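Listed below, chain by chain, are the residues.
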Amino acid sequence: GLYAVGALFALPVFMLAGVRQTKSALVLHGVSVFVGNGLMLAAMHSGLVWPIFLGRGICGMEAGIKYFADNLNSYLTSPGKERLRAMFSTRMATATGNAAG
């Protein structure tokens, strides 16, 4: 739902950031997660419903980073075991974060 809308909105932003602006893309990723989760937390505390939906959409923006990170790994690592190791590491970090959440 709204998570996917946020991801579709943010994907072009992450792709336009390019490889040279990796730090900016990662900062945007962190800010979107922080603001979205903070908004949902405040909405739950206040009892309002619409900020939960807005926060979910903002949190969805972080999904665009996954595609960006995969492209960055492909660009920066040479073909072979190094690229496989880098892709595996990002997948394991994602799975660990999802399991912890």
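Residues numbered from 1 in each chain as written. Predicted model: local features only at pLDDT ≥ 70, side-chain atom pairs only at ≥ 80, totals over all residues. Heavy atoms only, no water.

A.B. asks: Would you mind showing me how to read the overall build of the protein here?
C.D. replies: Looking only at helices and strands, the protein features 5 helices and 0 strands. When the helices and strands of the protein are placed in sequence order, the string is α-α-α-α-α. The buried share of the protein, taken over its 101 residues, is 26%. In the form shown here, the protein has an accessible surface area of approximately 6800 Å², with 72% of it arising from carbon and sulfur atoms. (Helix = DSSP H or I, 4+ residues; strand = E, 2+ residues; numbered from the N terminus. Buried < 20%, exposed > 50% of the residue type's maximum accessible area, 1.4 Å probe, protein only. Areas by Shrake-Rupley, 256 points an atom, 1.4 Å probe, with all protein chains shown as cover.)

A.B. asks: For this particular structure, what's the right way to read the nonpolar core?
C.D. replies: Side chains that are nonpolar tend, in soluble globular proteins, to be buried together. Formed by A10, F14, A25, M61, I65 and F68, the largest nonpolar core amounts to 6 residues. Broken down by secondary-structure element, the contributors of at least two residues to this core are α1 (2-17) and α4 (64-76). (Core = buried A, V, L, I, M, F, W, Y, C linked by side-chain atoms within 4.5 Å.)

A.B. asks: Any chance you could explain the environment of L41 here in plain terms?
C.D. replies: Within the element layout of this structure, L41 appears in helix α2 (residues 22-46). For the pair L41 and G55, spaced 14 residues apart in the sequence, the C-alpha separation amounts to 8.8 Å.

A.B. asks: Just to check I follow, could you spell out the confidence of the model for the protein for this structure?
C.D. replies: Interpreting fine coordinate detail is not advised for predicted regions of low pLDDT. Averaged over every residue, the pLDDT of the protein is 77; the share at 70 or more is 80%. No element of the protein has a lower mean pLDDT than α4, at 70, and none a higher one than helix α3 (residues 50-60), at 88. (pLDDT = per-residue confidence, 0-100.)

A.B. asks: Honestly, the environment of P12 in this entry has me stumped. Any pointers?
C.D. replies: Structurally, P12 is set in helix α1. Note: C-alpha distance between P12 and F68 (56 residues apart in sequence) is 9.7 Å.

A.B. asks: Looking at this structure, I do not really get a nonpolar patch on the surface. What am I missing?
C.D. replies: Together, L2, V5, V49 and F53 make up an exposed nonpolar region whose accessible area comes to about 370 Å². Positionally, L2 belongs in helix α1. Look at L2 and you get partly exposed, because its relative accessible area is 37%. (Patch = residues over 30% accessible without salt bridge, like charges linked within 9 Å, V, L, I, M, F, W, Y side chains within 5 Å. Salt bridge = Lys/Arg side-chain N within 4 Å of Asp/Glu carboxyl O.)

A.B. asks: Please clarify how the environment of A7 should be interpreted in this entry.
C.D. replies: One can find A7 in helix α1. For the pair A7 and G57, spaced 50 residues apart in sequence, the C-alpha to C-alpha distance is 7.9 Å. Non-local contacts of A7, meaning those with residues more than four positions away in its chain, are made with G60, M61 and A63. (Contact = heavy atoms within 4.5 Å.)

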